[in-house]
Every structure is written in C-alpha cells, then in structure tokens.
Amino acid sequence: MPVKIDVKELETKIQNVFPLPQILEKIMRAVNDPDANATTIENIFKYEPSLTLKLLTLANSAYFGVPGKITNIRIAITLLGLNLIKSLAIHASVNEFFRFGTNIPGFSGQELWKHSVGVAVCAKMLARDYKLGNCEDFFTLGILHDAGLIIEYQFFRASFIAIVSRMHERKKSLPEIERAEFGMDHAELAQHLFAKWNLPAFFSQALRYHHDPLQAPESFRTHAAGLFLADQLVRQINFGFGCPAEPITPAIFSLLGIPLGDLEKVKQEFLLQIDELALFLQ
Ligand SMILES: [Fe+2]
Ligand SMILES: [Fe+2]
C-alpha cells in the first residue's frame, strides 16, 4: 500500500525529531558572513562533539598532508578552509539521521555514508580537473546528493525496506519505484527540504536533477550533470551503497566538456583519492 509523502507534515516531524538544522543554520550564517573568522566558527564547532570529531578526523587524514598532527580545532579550521567546513557541517547535520538507524536487508546507513563521501570526492575531482565550478561546492553536493534517501530511511522505514528490495530486483529504477510508493523520489524530497532550510538554490536544483541532469534548468545543468557522472562512476566501482548504475550517455560528457576517452583515467584517479581518505571513512 503506497504511503504518499506529505512534505508539510514531514517538515514538522523532522523539526521535532531532528533539531540539528538550527546548528547548520548558525554555521551557514557564520561562513557566509564576511566578518566571521576562524574564532566564530570555532565557537560553534567546539560545543558539538560529532562535528569536532569529524573536523579533527578529516584534518588528520593523509589527504591534508599532516596526518596525526592536528589536535587544535582552530588549526583544523584554517587547514580545511571555510568551504570544506560548510560541507562538513551540512553533512554532519544530515548524518545525525543515522543515529537512530539500524541496518535493513540490502541497505545500511554506513554504506550510504561511504557512497556519499565517494561521490563528494569524485565530484570535486571532476570539478577541479574539468573546471566545472567551485570544487568545494561540488564536494558538498556529493555529500548531500542522496539525503532524500536518509529521510525516507529514517521516517518511512517500512516503505523504504520494500523499495530497497524492489530495487535489487532491477526491474525499475530507484526513482521510479519511489515515485510509485511515495508520490516523489529522493531527489524531489531533498529539493523541498533544502529549499525549506534556506540552502542556496543551486543546491536544491542540482540535487533535484541528479538522476536526470539533462532535464535541469540550464543554469543548474552543469552541477546536476557533474553530480550524476560522479554518482555513476562511484556506483560502477561498487563503492558503498548504490542502486544499480544507470547508462552515462555521450550527451553528459559533451555537456561537461569531458572527452569520453578520459573515463578510465578518471576512475583510476578516484581510486587513489579514496585511498587517501580512508581515515575519514572509518
Ligand atoms: Fe540518488
Ligand atoms: Fe547516489
């Protein structure tokens, strides 16, 4: 029996169970404030154990070149830079959903987290190598792109279990199954919530179209397509949770200005980057 998602009702439910967007709002306000400095950010982070832990783990990963040396939040903030801090805060907020989660057949919160980090690293790499836009924005989009799935998993557990098992039958795509069950897919769900949480428009738009980027409004198409390509590459190499990979049409490559022949090179480079981020993933 399909359970239609009522976005208004869901917003209230989330506000009650999940107050973290308020912390996120504080952090976003601070990083967007031209007068904010490392101290402002430090004062928000230091009272949040999960954020502090993530910040220090990331700063001490081999990725930033000084493993095992950073014990001070202020230095970690300077090392990572404000954009990455923003990504981290957003993801930590979304990640709080996992706190209540238990594994279900064919899905675990940890595997989705791993998939999301993979897509973030890959999207950032594509943005940097092919000049698609701000690299840290692509990282954040990657971290958040499947946030709608987390919400389904957290708030509509019974339907989500049914959706995951139908997904593994591979007869229909995940968004098709979700639309039949909920009346919307995880991309549309994330779009509603992100707009409600006042995240930038390109965030909610790129997320909305991460499964069909060619349908995205022109000004958001590059972000949606970059995200789509990163998502598919990560799924092709089975890194973390993922629905079956979808075909990447030549139109996606030409939209992004990426030569088709670069695909293998990109995959190899991604595998190296993921190795370096191993600590962050533990
Ligand atoms: Fe997705
Ligand atoms: Fe994904």
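Conventions adopted
Residues numbered from 1 in each chain as written. Chains lettered and ligands numbered in written order. Predicted model: local features only at pLDDT ≥ 70, side-chain atom pairs only at ≥ 80, totals over all residues. Heavy atoms only, no water. Donors = N, O, S within 2.8 Å, 3.2 Å for Na, K, Ca; no water. Tetrahedral: all angles 85-135°; square planar, octahedral: opposite > 155°, others 65-115°. Helix = DSSP H or I, 4+ residues; strand = E, 2+ residues; numbered from the N terminus. Core = buried A, V, L, I, M, F, W, Y, C linked by side-chain atoms within 4.5 Å. Buried < 20%, exposed > 50% of the residue type's maximum accessible area, 1.4 Å probe, protein only. Contact = heavy atoms within 4.5 Å. Phe/Tyr/Trp six-rings, centres within 6.5 Å; stacked < 30°, edge-to-face > 60°.

With distances of 2.1 to 2.3 Å, the protein atoms coordinating the iron ion (ligand 1) are Asp146 (OD), His186 (NE2), His210 (NE2) and His211 (NE2). Each of the four donor atoms around the iron ion (ligand 1) contributes to a set of angles spanning 85 to 173°, which defines the coordination as irregular. Positions of the donor residues of the iron ion (ligand 1), expressed as sequence spacing, correspond to D-x39-H-x23-H-H. For the pair the iron ion (ligand 1) and the iron ion (ligand 2), the metal-to-metal distance amounts to 3.8 Å, and Asp146 bridges them. Placement of His186 in helix α12 (residues 186-196) and of His210 in the loop between α13 (201-208) and α14 (218-236) is noted, with a sequence separation of 24 residues between them.

Further remarks concern the nonpolar core. Core analysis: the largest hydrophobic core is formed by 81 residues, its most contacted members being Leu10, Phe45, Leu55, Leu80, Phe107, Leu126 and Leu229. Here the element with the most residues in this core is helix α7 (residues 109-129); it accounts for eleven residues. Setting aside its immediate chain neighbours within four residues, Leu126 contacts Lys131, Leu132, Gly226, Leu229, Ala230, Ile258 and Val266.

Attention now goes to the packing of aromatic side chains. Between two aromatic rings, the relevant description is the distance of the centres plus the angle of the planes. With the rule as written, the count across this model stands at six aromatic pairs. Each ring, one from Phe107 and one from Phe241, has its centre 4.9 Å from the other, and the planes form 80°; the classification is edge-to-face. You can see Phe107 sitting in the loop between α6 (82-95) and α7 and its partner Phe241 sitting in the loop between α14 and α15 (250-256), a full 134 residues away along the chain. According to the relative accessible area criterion, Phe241 is buried, its value standing at 8%.

This part is about α13. With respect to burial, α13 is a largely interior element, six of its eight residues being buried. For α13, the set of buried residues is Phe203, Ser204, Gln205, Ala206, Leu207 and Arg208.

One can find Gln273 in helix α16 (residues 263-276). For Gln273, a relative accessible area of 12% puts it in the buried group. Taking C-alpha positions, Gln273 is 9.2 Å from Gly118, a pair spaced 155 residues apart along the chain. With residues up to four places along the chain from it excluded, the contact list for Gln273 reads Tyr63, Val121, Met125 and Arg128.

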